[in-house]
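The primary structure of each chain is shown beneath.
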Amino acid sequence: MTIQLPAPDGTLRTYEPRTEPLQLTPGTPFTSRTVYSAAHVVADPFADATPDSPAAIDWDATLAFRRHLWSHGLGVAEAMDTAQRGMGLDWACAAELIRRSAAEAKAVGGRIACGVGTDQIISGSPAEVRAAYEEQLALVEASGAQTILMASRALAAAASGPEDYLEVYGHLLRQASEPVILHWLGPMFDPALEGYWGTSDLDAATDTFLEVIAAHPDKVDGIKVSLLDAQREIDIRRRLPQGVRCYTGDDFNYPELIAGDEQGFSHALLGIFDPLGPLAAEAVRLLDTGDKAGFRALLDPTVDLSRHLFQTPTRFYKTGVVFLAWLAGHQTHFTMVGGLQSARSLPHFARAYELADRLGLFPDPKLAEDRMKTLLALYGVTQ
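For the structure given in this document, a descriptive report is provided here. This structure is a prediction, so every number in the text was calculated from the model and none was measured.

**Details of the pattern of salt bridges**
Moving on, step 1. If you walk through the whole model with that rule in mind, you get 20 salt bridges.
Moving on, step 2. Here Glu 167 makes a salt bridge to Arg 130, at a shortest N to O gap of 2.7 Å. Here Glu 167, found in helix 5 (residues 162-175), pairs with Arg 130, found in helix 3 (residues 126-143); they are 37 residues apart in sequence, far enough to count as distant.
Moving on, step 3. For Glu 167, a relative accessible area of 36% corresponds to the partly exposed category.
Moving on, step 4. Of the residues examined, Arg 130 reaches a relative accessible area of 24% and is grouped as partly exposed.
Moving on, step 5. Arg 245 is the salt-bridge partner of Asp 221, the closest N and O atoms lying 2.7 Å from each other. Of this pair, Asp 221 sits in strand 8 (residues 220-226) while Arg 245 sits in strand 9 (residues 245-248), placing them 24 residues apart in sequence.
Moving on, step 6. A residue is classified by how much of its surface remains accessible, and Arg 245, at 26% relative accessible area, is partly exposed.
Moving on, step 7. Here the salt bridges do not stand alone but share partners, grouping Arg 13, Arg 351, Glu 354 and Arg 358 into one network.

If you want it as C-alpha cells, here you go:
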C-alpha cells in the first residue's frame with residue numbers, strides 16, 4: 001500500500017507506510033526523572049462555535065487522553081500552552097479543565113500540575129495582574145494539583161522593569177502553600193512575552209529570573225525553560241539553588257538535556273511528549289536502568305518530528321499535536337478550539353504524518369493512513 005503525499009514544491013510523492021507500530025506498553029512512573037506531558041484539549045466537533053466563541057470541549061475525549069498519558073507513567077501538565085491557553089481556551093474553560101483533570105488524576109493516581117496565569121484579564125496594573133494570578137492560584141491549590149506559575153502577557157505589558165516582576169512573583173511565592181514550578185516561556189511561543197523579566201537582554205533577564213528563585217528557594221520546586229536554547233538552559237540549570245529542579249521545555253534539544261552531563265540533567269515538561277508519550281516513557285525507563293545510550297537511541301530519532309511540529313511560527317505547534325492525536329485514534333476528528341486546525345498547511349501535515357509513521361507512533365498504521373487519505377481528499381488530492 002502506498003500514499004501520495006504533497007511536497008512543499010506542489011508535487012506529489014509516493015510514500016509507503018509501515019504496517020506495524022512500535023510495540024509500547026503502559027508502565028509505572030519513572031525513578032530517574034520527573035516527566036510531564038503538556039496535554040492538548042479535544043474540541044467538541046458538534047458545537048456551533050466560531051473562532052472567537054468560548055471554547056467548546058469534548059470532556060470525555062479530553063480526559064481519556066490524560067488517562068492514556070498517566071497509563072504510561074507520565075505526569076500531565078494541565079491547562080498549559082499546549083492546551084491553547086490564550087489561543088482559544090479562555091480562563092472559564094481552563095478553570096473547568098483544571099477541576100476535571102485534577103479530580104481524574106486523584107481517581108487514577110496520576111501526577112498533575114496545572115498552569116496558573118492571568119488570562120482572565122487582558123491588561124491592568126501590576127496590582128491587578130497580581131490579583132488575577134491569586135485567583136488562579138487559589139483554584140489550582142484547591143483542586144489539589146501542583147502549581148505551574150506561567151508567564152503573563154498582562155504583566156509583560158504592565159511591568160516597567162525587573163522590579164515589578166520581583167514584586168509580583170515574590171508575593172505569589174510567599175503565599176503559595178506548596179513549592180511551584182516557574183515557567184519562562186519565550187516569545188517564539190508567544191510574541192506578547194517579548195522582554196519578559198523586564199528586558200530583552202536574555203542575560204539580564206536570566207539574572208532577574210534567578211533572583212526570584214534565590215529569594216524563595218523553599219517555594220520553588222523547579223523551573224521550566226522554554227527558550228529553545230540548549231546552552232542557556234544548561235547555564236541556568238547549573239546556577240540553580242540546590243534542590244531546585246530544571247524541567248526542560250526545549251522541544252528542539254530535549255534528548256541531550258534530559259540525558260544530562262557530568263554536572264547534572266534536566267527533568268521534562270514538554271509539549272512534544274503529548275504525541276510522543278508512550279515512546280518517551282519507554283526511553284526514560286531505559287534511563288532509569290542507567291542505559292543512557294539506549295535512551296538516546298530511542299529518543300534522538302524523534303527530534304526531526306519535533307522540530308517539524310515546532311517550526312516557525314512556533315506557537316502553531318498545537319495544530320500538529322492534535323493532528324497526530326487524530327491520526328493515532330485518540331479522537332474521532334481533527335477539529336480544534338478556535339478553528340486552529342487551519343493554522344498549518346497540507347504539506348506540513350503530510351510531512352508530520354510521514355515522520356510520525358516512520359517512528360511507529362500510530363497504534364493502528366492503517367487507521368492513520370486512511371485518515372491521512374481522507375484529509376488529502378478534502379484538499380483535492382486523489383490517490
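**Details of the packing of aromatic side chains**
Moving on, step 1. If you walk through the whole model with that rule in mind, you get 20 aromatic pairs.
Moving on, step 2. Judged by centre distance (6.1 Å) and plane angle (85 degrees), the ring pair of Tyr 15 and Tyr 353 falls under edge-to-face. Linking Tyr 15 in strand 2 (residues 12-15) with Tyr 353 in helix 13 (residues 346-359), this pair joins segments that are 338 residues apart in sequence.
Moving on, step 3. Residue Tyr 353 is classed as buried on the basis of its relative accessible area, which comes to 0%.
Moving on, step 4. For the ring pair Tyr 36 and Tyr 247, a centre distance of 5.9 Å and an interplane angle of 55 degrees mean the geometry is tilted. You can see Tyr 36 sitting in strand 3 (residues 35-38) and its partner Tyr 247 sitting in strand 9, a full 211 residues away along the chain.
Moving on, step 5. Its relative accessible area of 0% is what places Tyr 36 among the buried residues.
Moving on, step 6. The exposure class assigned to Tyr 247 is buried, which follows from its relative accessible area of 0%.

How each quantity is defined
- Residues numbered from 1 in each chain as written.
- Predicted model: local features only at pLDDT ≥ 70, side-chain atom pairs only at ≥ 80, totals over all residues.
- Heavy atoms only, no water.
- Salt bridge = Lys/Arg side-chain N within 4 Å of Asp/Glu carboxyl O.
- Helix = DSSP H or I, 4+ residues; strand = E, 2+ residues; numbered from the N terminus.
- Buried < 20%, exposed > 50% of the residue type's maximum accessible area, 1.4 Å probe, protein only.
- Phe/Tyr/Trp six-rings, centres within 6.5 Å; stacked < 30°, edge-to-face > 60°.

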